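Observations on the model geometry
The chain contents come next:
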Amino acid sequence: VDFLSMHAGFIDHDDAEGYQKFCSRIRILADAASEKKVMLLLETGQESAADLRACLEDLNHPALGVNFDPANMILYGMGDPIEAVRILAPWIKHVHVKDAIKSPVSGEWGTEVPWGDGDVDCKKFMQALEEVGYTGALAIEREGGDSRADDIQLAANRLGEMV
């Protein structure tokens with residue numbers, strides 16, 4: 001494999017000791033990935049794009065990148081996925097095609113929905129990826145719902161209409 005994707009945990013820049021411990025552990029993992037010629041991808045969503053970018057800049061490690069999941073940005077309430085693409089562009093190596101509806105209650109988890117039925121402006125999202133020069137994989141991800149296979153097919157059809 002070329003990439004290993006993970007949720008690394010929440011990045012807390014306000015806790016200096018905890019942030020340093022987090023960065024130290026990510027660096028150990030990135031070093032190990034690099035030895036195997038693998039890039040470690042941190043998945044978006046658990047923090048703002050600006051916070052993730054700051055962490056990636058602090059680490060400045062060639063074996064670190066981003067697995068961009070626009071729905072996670074919405075599910076965690078961490079900002080606009082379109083703007084986040086622009087903020088994280090240099091690190092985006094893999095993209096999840098996933099959609100969600102923001103929770104009406106701040107701080108609560110939103111709802112994952114089929115691609116094109118949620119708060120991700122799918123057309124603008126694809127345009128943003130094109131604008132930043134992303135040419136990698138688009139992996140349809142569907143973790144919830146009762147008709148996952150049908151939802152994946154729907155996402156594929158909708159992507160086909162956009163691309």
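This write-up is about the structure you can find in this document.

The rules behind these values
- Residues numbered from 1 in each chain as written.
- Predicted model: local features only at pLDDT ≥ 70, side-chain atom pairs only at ≥ 80, totals over all residues.
- Heavy atoms only, no water.
- Helix = DSSP H or I, 4+ residues; strand = E, 2+ residues; numbered from the N terminus.
- Rg over C-alpha atoms; globule rule 2.2 N^0.38 Å.
- Buried < 20%, exposed > 50% of the residue type's maximum accessible area, 1.4 Å probe, protein only.
- Contact = heavy atoms within 4.5 Å.
- Areas by Shrake-Rupley, 256 points an atom, 1.4 Å probe, with all protein chains shown as cover.
- Lys, Arg positive; Asp, Glu negative; His and termini not counted.
- Charge placed at Lys NZ, Arg CZ, Asp CG, Glu CD.
- Salt bridge = Lys/Arg side-chain N within 4 Å of Asp/Glu carboxyl O.
- Polar contact = N/O pair within 3.5 Å; in protein donor to acceptor, adjacent residues only side chain to side chain.

A count of helices and strands for the chain gives six helices and seven strands. Start at the N end of the chain and walk to the C end: the helices and strands fall as β-α-β-α-β-α-α-β-β-β-α-β-α. Against the compact-globule benchmark of 15 Å for 163 residues, the chain has a radius of gyration of 16 Å, which places it among compact chains. Viewed in the frame of its principal axes, the chain has a C-alpha envelope of about 40 × 35 × 30 Å. The burial tally for the chain puts 42% of its 163 residues in the buried class. Taking all contacts inside the chain whose residues are at least 6 apart in sequence as the whole, residues at least 24 apart take part in 70%. About 8800 Å² of surface is accessible on the chain, with carbon and sulfur atoms providing 49% of the total. Side chains of the chain carry 15 positive and 29 negative charges; the gap between the two charge centres is 4 Å.

Before going further, it helps to examine the pattern of salt bridges. Taken as a whole and assessed by the stated rule, the structure comprises nine salt bridges. Two residues, Arg53 and Glu57, come together in a salt bridge whose shortest N-O distance is 2.9 Å. Here Arg53 and its partner Glu57 are both found in helix H2 (residues 49-59), four residues apart, which amounts to about one turn of the helix. Note that Glu141 and Lys98 form a salt bridge whose closest N and O atoms lie 3.3 Å from each other. With Glu141 in the loop between strand E7 (138-140) and helix H6 (148-162) and Lys98 in the loop between strand E4 (92-97) and strand E5 (99-101), this pair connects stretches of sequence that are 43 residues apart. Judged by its relative accessible area of 1%, Lys98 is buried. When salt bridges that share partners are traced, they join Asp69, Lys98, Glu141 and Glu143 into one network.

Note on placement: His94 falls in strand E4. Separated by 2.9 Å, the side chains of His94 and Asn67 make a polar contact. Ignoring sequence-local partners within four residues, the contact set of His94 consists of Leu41, Val66, Asn67, Phe68, Tyr134, Ala137 and Ala139.

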